[in-house]
Amino acid sequence: MNSVEDLCTLISSKITWGRGEDPQQLTADTPLLEMGLLDSLAIMEIVSALDKEHGLALPDGEVVAANFRTPKALWTLIESLPTGAAK
């Protein structure tokens, strides 16, 4: 995971798009919660993918709505993780 754009791609892959809905291109400022794009299951799938695919373990206390409002908000959290937080 090298950029917020990479994170947008990961998030987009975890969104369940509605029937007949075209998957949208996410940007760093896409309001994920406000648009109803993420639910609790999608958030947990993102957290799991970050851990398994990228070795980024988010602290349980950081898995809160504020950190998932936009991809940029989640990216800010990822960048703030202490060095060595990655497995």
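Basis of the calculations
- Residues numbered from 1 in each chain as written.
- Predicted model: local features only at pLDDT ≥ 70, side-chain atom pairs only at ≥ 80, totals over all residues.
- Heavy atoms only, no water.
- Buried < 20%, exposed > 50% of the residue type's maximum accessible area, 1.4 Å probe, protein only.
- Helix = DSSP H or I, 4+ residues; strand = E, 2+ residues; numbered from the N terminus.
- Arc of directions from axis to C-beta.
- Contact = heavy atoms within 4.5 Å.
- Axes fitted to C-alpha atoms, helices over the stretch in contact; angles between N-to-C directions.
- Parallel < 35°, antiparallel > 145°, perpendicular 65-115°, else oblique.
- Left-handed = near helix turned anticlockwise from the far one by under 90°.
- Core = buried A, V, L, I, M, F, W, Y, C linked by side-chain atoms within 4.5 Å.
- pLDDT = per-residue confidence, 0-100.
- Nonpolar A, V, L, I, M, F, W, Y, C, P; charged D, E, K, R; others polar.

### Observations concerning helix 3 (residues 71-80)
What helix 3 keeps buried is the set Pro71, Leu74, Trp75, Leu77 and Ile78. Angularly, the buried residues of helix 3 cover 160 degrees about the axis, an arc narrow enough to put them on a single face. Away from the buried face of helix 3 by more than 90 degrees, exposed residues Glu79 and Ser80 are located. For helix 3, the elements touching its buried residues are helix 1 (4-14) and helix 2 (40-54).

### Things to note about the packing of helix 1 against helix 2
Contact pair helix 1 / helix 2: the axes reach a minimum separation of 9 Å and the direction vectors enclose 130 degrees. What the angle tells us is that helix 1 and helix 2 run oblique. Here the hand of the crossing between helix 1 and helix 2 comes out right-handed. Across the interface between the two elements, Leu7, Leu10, Ile11 and Lys14 of helix 1 pack against Ala42, Glu45, Ile46, Ala49, Leu50, Glu53 and His54 of helix 2.

### Points about the environment of Glu53
Mapping Glu53 onto the fold places it in helix 2. Between the C-alpha atoms of Glu53 and Met1, which are 52 residues apart in sequence, the distance is 9.0 Å. Apart from the residues lying within four places of it in its own chain, the contact partners of Glu53 are Leu10 and Lys14.

### Re the side chain of Asn67
Looking at the secondary structure, you find Asn67 in the loop between helix 2 and helix 3. Overall, the relative accessible area of 14% leaves Asn67 in the buried class. Not counting residues within four places of it along the chain, the set of residues in contact with Asn67 comprises Glu62, Ala73, Leu74 and Leu77.

### Let's talk about the nonpolar core
Ranked by internal contacts, the top residues of the largest apolar core, which has 25 residues, are Ile11, Leu38, Leu58 and Leu74. Looking at this core, the elements that each hand over two or more residues are helix 1, helix 2 and helix 3. With six residues, helix 2 is the largest single contributor of residues to this core. Setting aside its immediate chain neighbours within four residues, Leu58 contacts Val47, Leu50, Val63, Phe68, Leu74, Leu77, Ile78 and Leu81.

### Brief notes about the confidence of the model for the chain
In this model, the chain carries a mean pLDDT of 90, and residues with pLDDT of at least 70 account for 91%. Per-residue pLDDT, averaged within each element of the chain, yields its smallest value for helix 1 (94) and its largest for helix 3 (97).

### Digging into the packing of helix 1 against helix 3
One can describe the packing of helix 1 onto helix 3 by two numbers: an axis separation of 10 Å at closest approach and a directional angle of 120 degrees. As for the relative orientation of helix 1 and helix 3, their crossing is right-handed in sense. Seen from helix 1, the contacting residues are Val4, Leu7, Cys8 and Ile11; seen from helix 3, they are Pro71, Lys72, Leu74, Trp75 and Ile78. Of the residues belonging to the contact of helix 1 with helix 3, the class tally is eight nonpolar, no polar and one charged.

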